[in-house]
Amino acid sequence: MKVKDKGIFLNVVVLNNAKDKKPVPNAKITVTDKANVAQNHNADDKGKKDEIELTADNTYAVYAEDGGKKSAVSNISTMGVKGSKTFTQLLYLDGKKPSLYNLALNVIVYNNAK
């Protein structure tokens, strides 16, 4: 992976599913901004596409497709980003989004007033 000095970039990794996690070579990656302007890219032989250039104060929808299969759409926001930043997005061609962790915290407050 190359690192550029300035700008906002997106690195995408396309895998077949969350269980096997096999890269999908040459998958078509589509990045569409809020003005509905689309950028099309192809993943390399390791299922990766690095350094897709993004602009500040924008929102993007990102998905991948190959062989009739399509990933879930992931959203990326560059709102408020100042300076350089690189986002990395993992896409599964089984249509499922990568797992998110939902943690619950139960708090009990006792009144110890005397």
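Remember, it's a predicted structure, so these values are computed and weren't measured experimentally. (Residues numbered from 1 in each chain as written. Predicted model: local features only at pLDDT ≥ 70, side-chain atom pairs only at ≥ 80, totals over all residues. Heavy atoms only, no water.)

1. Description of the overall build of the protein chain
Now for step 1: Within the protein chain, the secondary structure is distributed over 0 helices and 8 strands.
Now for step 2: Reading the secondary structure of the protein chain in the N-to-C direction produces β-β-β-β-β-β-β-β.
Now for step 3: A burial count over the protein chain gives 32% of its 114 residues as buried.
Now for step 4: Counting contacts in the protein chain only where the partners sit at least 6 residues apart, residues at least 24 apart contribute 53% of the total.
Now for step 5: Total accessible area on the protein chain stands at roughly 8200 Å², and carbon and sulfur atoms take up 49% of it. (Helix = DSSP H or I, 4+ residues; strand = E, 2+ residues; numbered from the N terminus. Buried < 20%, exposed > 50% of the residue type's maximum accessible area, 1.4 Å probe, protein only. Contact = heavy atoms within 4.5 Å. Areas by Shrake-Rupley, 256 points an atom, 1.4 Å probe, with all protein chains shown as cover.)

2. Some details on the sheet that holds strand β1 (residues 8-15)
Now for step 1: Reading across from one edge, β4-β1-β8 is the order of the 3 strands in this open sheet, with mixed pairing throughout. In this open sheet, the two strands that pair with only one neighbour each are β4 (48-54) and β8 (85-92). Each strand of the sheet is rotated relative to its neighbour by a mean of 25 degrees, with strand direction disregarded.
Now for step 2: Sheet topology places β1 next to β4; 5 bridges connect them, and they run antiparallel. Within the sheet, the bridge partner assigned to V13 lies in β4 and is K48. (Pairing = 2+ DSSP bridges. Axes fitted to C-alpha atoms, helices over the stretch in contact; angles between N-to-C directions.)

3. Thoughts on the side chain of T30
Now for step 1: Within the element layout of this structure, T30 appears in strand β2 (residues 28-33).
Now for step 2: Judged by its relative accessible area of 4%, T30 falls in the buried class.
Now for step 3: Polar contacts involving the side chain of T30 include one to the side chain of N40, which spans 3.1 Å.
Now for step 4: If sequence neighbours within four positions are ignored, T30 has contacts with A38, Q39, N40, A61, V62, Y63 and E65. (Polar contact = N/O pair within 3.5 Å; in protein donor to acceptor, adjacent residues only side chain to side chain.)

4. Observations regarding the environment of T59
Now for step 1: By the element assignment, T59 lies in strand β5 (residues 59-66).
Now for step 2: The class for T59 is partly exposed, based on a relative accessible area of 32%.
Now for step 3: With 18 residues separating them in the primary sequence, T59 and S77 have C-alpha atoms 4.3 Å apart.

5. Brief notes about the nonpolar core
Now for step 1: In this structure, L10, V12, V14, I29, V31, L54 and V62 are the most contacted members of the largest nonpolar core, which totals 19 residues.
Now for step 2: Every element with two or more residues in this core is listed here: β1, β2, β4, β5 and β8.
Now for step 3: If you tally residues by element for this core, the top one is β1, at 4 residues.
Now for step 4: Leaving out residues up to four positions away in the same chain, I29 has contacts with V12, V14, Q39, N40, H41, A43, K49, V62, Y63 and A64. (Core = buried A, V, L, I, M, F, W, Y, C linked by side-chain atoms within 4.5 Å.)

6. Notes on the pairing of β2
Now for step 1: Taking burial as the measure, the 6 residues of β2 include 5 buried ones, the bulk of the element.
Now for step 2: Examined bridge by bridge, β2 and strand β3 (residues 38-42) share 5 bridges and lie antiparallel to one another. Note that in β3 the partner of V31 across the bridge is Q39.
Now for step 3: Between β2 and the antiparallel strand that follows it, β3, lie 4 residues; N36 among them carries a positive phi value of about 70 degrees.
Now for step 4: Where β2 and β5 come together, 6 bridges link them in antiparallel fashion. Bridging from a neighbouring strand, T30 pairs with Y63 of β5.

From the geometry alone we can't say anything about function, so treat these as descriptive.
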